[in-house]
Amino acid sequence: MARRADGNLGQLLLIAPFGASCVLLFALPQSPLARPRNVIGGHLISALVGLLVLTVLGDGVVAMGFGVGLAIALMQFSGTLHPPAGGDPLVVILAGAGWPFLLLPIATGTASLVILAWLYHRFVSKRAYPA
């Protein structure tokens, strides 16, 4: 069931976690879950967990459940809880992503979202971000 992240499936699956991050970043900028540390750190930790679990356990249902649970635990432990990032292990495992996935789209994408949110709130909404 492993699929390559460079195909359309990987791009489509990534829409859900990043889209949910946008809800927090643009609609709820004062939420602690929308802080840059949480958005970027949460996605990086969760994607890393997904890659490690995929490498060790493969792409089965047990691996997916374990990956999501471990990602949540590590985000809580590190103070980077970001609920949308909880879906990243599923994206990684279902897409059969490789290690470059951490840089593009995860690191680049989350940094871009945070910068866009800062610009939007600074110049358009006039709400404080990050809170």
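For the structure, see preceding data.
Small disclaimer: the values here were computed from a predicted structure and weren't measured.

Conventions we followed
- Residues numbered from 1 in each chain as written.
- Predicted model: local features only at pLDDT ≥ 70, side-chain atom pairs only at ≥ 80, totals over all residues.
- Heavy atoms only, no water.
- Helix = DSSP H or I, 4+ residues; strand = E, 2+ residues; numbered from the N terminus.
- Buried < 20%, exposed > 50% of the residue type's maximum accessible area, 1.4 Å probe, protein only.
- Contact = heavy atoms within 4.5 Å.
- Lys, Arg positive; Asp, Glu negative; His and termini not counted.
- Salt bridge = Lys/Arg side-chain N within 4 Å of Asp/Glu carboxyl O.
- Axes fitted to C-alpha atoms, helices over the stretch in contact; angles between N-to-C directions.
- Left-handed = near helix turned anticlockwise from the far one by under 90°.
- Nonpolar A, V, L, I, M, F, W, Y, C, P; charged D, E, K, R; others polar.
- Phe/Tyr/Trp six-rings, centres within 6.5 Å; stacked < 30°, edge-to-face > 60°.
- Core = buried A, V, L, I, M, F, W, Y, C linked by side-chain atoms within 4.5 Å.

Caption draft 1: Representation of the overall build of the protein chain in the model. Tallying secondary structure elements over the protein chain gives five helices and zero strands in all. The secondary structure elements of the protein chain, listed N-terminal to C-terminal, are α-α-α-α-α. Split into buried and exposed, the 131 residues of the protein chain put 40% on the buried side. Taking all contacts inside the protein chain whose residues are at least 6 apart in sequence as the whole, residues at least 24 apart take part in 79%.

Caption draft 2: Inspection of the side chain of aspartate 88 at higher detail. With respect to the secondary-structure elements, aspartate 88 resides in helix 4 (residues 88–95). There is no salt bridge for the buried aspartate 88, and the closest opposite charge comes from arginine 37, which lies 15 Å off by N-O distance.

Caption draft 3: A look at the packing of helix 2 (residues 36–57) against helix 4. Direction vectors running N to C along helix 2 and helix 4 enclose 40°, while the axes themselves pass 7 Å from each other. Where helix 2 crosses over helix 4, the two elements pack in a sense that is right-handed. Of the residues in helix 4, those in contact with His43, Ser46, Ala47, Gly50, Leu51, Val53 and Leu54 of helix 2 are Asp88, Pro89, Val92 and Ile93. Residues that form the contact of helix 2 with helix 4 fall into these classes: seven nonpolar, three polar and one charged.

Caption draft 4: Spatial organisation of the packing of aromatic side chains. Tallying each qualifying case throughout the model produces two aromatic pairs. Between phenylalanine 26 and tyrosine 120 the ring centres are 5.6 Å apart and the planes differ by 70°, which places this aromatic pair in the edge-to-face class. Note that phenylalanine 26 is positioned in helix 1 (residues 8–27) and tyrosine 120 in helix 5 (residues 103–125), a separation of 94 residues in sequence. Exposure remark for phenylalanine 26: the relative accessible area of 25% places this residue in the partly exposed category.

Caption draft 5: View of the nonpolar core. Counting residues in each nonpolar core, the largest one holds 24 residues, and the members touching the most others are Leu25, Val92, Ile93, Phe101 and Tyr129. Of all the secondary-structure elements, those providing two or more residues to this core are helix 1, helix 2, helix 3 (61–78), helix 4 and helix 5.

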